[in-house]
Amino acid sequence: MNQHFLDGNNFSLIVQGGGQRGIFASGVLDKFLERNFDPFSLYIGTSAGALNVATYVARQQGLGFNFVLNYTTHDRFFNLNKFIRKKQPMDLDWALNMVQQDGAIPLDFNTANNVLQNGKHALACVTNKSDLQDYYYPIFTDQWLNTLKATCGIPMLYYNDITFDNKQWIDGSVSAAIPVHESHRRGFKNIVVIRTTPIINGIETNEATDFSINQVEKKRKNFEVNMDHYLKRIGMFKEKHHLIHFHQKLSDKLNELKQNHEHTKYKLNNQRWLMDDDHLYRLVTLQAKVSKFGMSSEMLDIMIAHYKNHNAVEGFLTNPPNDVNLIQIAPDRSLSSRPLLSKKDHLLEDYEHGQMVGERFLQSVGYV
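About the cut-offs
- Residues numbered from 1 in each chain as written.
- Predicted model: local features only at pLDDT ≥ 70, side-chain atom pairs only at ≥ 80, totals over all residues.
- Heavy atoms only, no water.
- Axes fitted to C-alpha atoms, helices over the stretch in contact; angles between N-to-C directions.
- Helix = DSSP H or I, 4+ residues; strand = E, 2+ residues; numbered from the N terminus.
- Parallel < 35°, antiparallel > 145°, perpendicular 65-115°, else oblique.
- Left-handed = near helix turned anticlockwise from the far one by under 90°.
- Contact = heavy atoms within 4.5 Å.
- Nonpolar A, V, L, I, M, F, W, Y, C, P; charged D, E, K, R; others polar.
- Salt bridge = Lys/Arg side-chain N within 4 Å of Asp/Glu carboxyl O.
- Buried < 20%, exposed > 50% of the residue type's maximum accessible area, 1.4 Å probe, protein only.
- Pairing = 2+ DSSP bridges.

## Examining the packing of helix H1 (residues 23-34) against helix H2 (residues 48-57)
Put simply, H1 and H2 touch, their axes get as near as 10 Å, and they point 15 degrees apart. Here H1 lies roughly parallel to H2, going by the angle between them. In this structure, H1 crosses over H2, and the sense of that crossing is right-handed. In this structure, H1 contributes Ala-25, Ser-26, Leu-29, Phe-32 and Leu-33 to the contact, and H2 contributes Asn-52, Thr-55 and Tyr-56. Across the contact of H1 with H2, the residue classes break down as five nonpolar, three polar and no charged.

Okay, here's the thing in structure tokens:
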């Protein structure tokens, strides 16, 4: 095995979420399990990445793949038309019940606890709704179900309050989409990251764009120009005035952030939430009608926190601290799947790609 992975070099494994795109990480980790590769002492996952961490630590090859392919694509989990017309949110509770002990694909707690000996830890990142900071909870404890709900609970799509330790929690991706900083804070100098966006010449290629007033204004104008057509198509034209007001508030919030940080360039990550135009029309429309967050500044603060975190993570990955040995495992191309509403053949394609990338990584470190 490569010298880096010999005893004495403690490694952490960080797994990004990305909704259904997490099936790429499932492929990588299933290849690791197939080859009995696990040199790690710390495992941290965010959102779908936390479930992938759980299945890896529990040594359950194929469980993450099965969960994404057969349960997150089920109408019971999420149906956009029902979400819009019947106010039916994402049924995360139903999906995660499948991995309970009496569920269809239960997690193996006994195996996981045997693996997590001698100082090993498996953690999920969650976001405190009050301060929008990242916190980390062990996955395999009595409150494991609430922890997984919290790390996966996208505020726009999942409405149930998740409360434990006297705090309310939301999606871990708001505060730490790829929690490399936490690994470094815990003293790990060797960090392996499994991500869902490709890297070309050391640069992340996630269709991120420079944060600027001009970019925001362009997005706002594009939204308003195309709004009439979209709202007529989904039968919600009467919500137009609410949507214009909301998008103006979003523009104002982003402009305010820009003015307060003149020397900082933020990246707006098109992969998640509002900044993809088609999803923008859909999800902002839902904010006008069904979300308990409504048009509040709270929701805008959550989005801004997500964008700021993305920029901080990108900085760490692009220029890691001098004492860090950072290894990134990423797809060779943009994934075919989407965070939600992916086609099954695209999910299969991305899973197989993950397996291929995982095998290539193992060969590159001499694990043969």
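## Some remarks on the pattern of salt bridges
Taken as a whole and assessed by the stated rule, the structure comprises twelve salt bridges. Across the salt bridge formed by Asp-350 and Arg-333, the nearest N and O atoms sit 3.3 Å from each other. Here the residue Asp-350 occupies a position in helix H13 (residues 344-364), and Arg-333 occupies one in the loop between strand E12 (325-329) and H13, the gap between them amounting to 17 residues. Residue classification places Arg-333 among the partly exposed residues on the basis of a relative accessible area of 27%. Because the salt bridges share partners, they merge into one network encompassing Asp-134, Glu-182, Arg-185 and Arg-186.

## Concerning the pairing of strand E6 (residues 167-170)
With two bridges connecting them, strand E3 (residues 121-128) and E6 associate as antiparallel partners. Residue pairing in the sheet places Thr-127 in a bridge with Ile-170 of E6. Note: strand E5 (residues 163-164) against E6, two bridges, orientation antiparallel. Counterpart to Thr-163 in the pairing with E6 is Gln-168. Here E5 folds back onto E6, and the loop between the two strands holds two residues, one of which, Asp-165, carries a positive phi near 55 degrees.

## Points about the pairing of E3
Counting buried positions along E3 yields seven of eight residues, so the element is predominantly enclosed. Sheet analysis places strand E2 (residues 40-46) next to E3, joined by five bridges and oriented parallel. By the bridge assignment, Leu-42 is partnered in E3 with His-121. Across five bridges, E3 lies against strand E4 (residues 134-138) in antiparallel orientation. Bridging across to E4, Leu-123 finds its partner in Pro-138. Here E3 folds back onto E4, and the loop between the two strands holds five residues, one of which, Leu-132, carries a positive phi near 55 degrees.

## Focus on the side chain of Ser-41
By secondary structure assignment, the location of Ser-41 is in strand E2. With a relative accessible area of 18%, Ser-41 lands in the buried category. Discounting chain neighbours no more than four positions away, the residues touching Ser-41 are Asn-10, Phe-11, Gly-119, Lys-120, His-121 and Phe-188.

## Looking at the environment of Asp-301
With respect to the helices, strands and loops of the structure, Asp-301 is situated in helix H12 (residues 297-318). Note on Asp-301: relative accessible area 30%, which makes it partly exposed. As a C-alpha pair, Asp-301 and Val-174 span 127 residues in sequence and 10.0 Å in three-dimensional space.

## Considering unusual backbone geometry
Even without being glycine, Arg-59 reaches a positive phi, approximately 60 degrees. Look at Arg-59 and you get partly exposed, because its relative accessible area is 35%. Its identity as a non-glycine residue notwithstanding, Asn-118 has a phi of 60 degrees, on the positive side. Within the secondary structure, Asn-118 is located in the loop between helix H6 (109-115) and E3.

## Considering the packing of H1 against H13
Two elements in contact, H1 and H13, have axes separated by 7 Å at closest approach and are oriented at 40 degrees. Relative to H13, H1 is oriented oblique. Regarding H1 and H13, the two cross each other, and that crossing is right-handed. Only Leu-347, Asp-350, Tyr-351, His-353, Gly-354, Gln-355, Val-357, Gly-358, Glu-359, Phe-361 and Leu-362 of H13 make contact with H1, whose side of the interface consists of Ile-23, Phe-24, Ser-26, Gly-27, Val-28, Asp-30, Lys-31 and Phe-32. Here the contact of H1 with H13 is composed, by residue class, of nine nonpolar, six polar and four charged.

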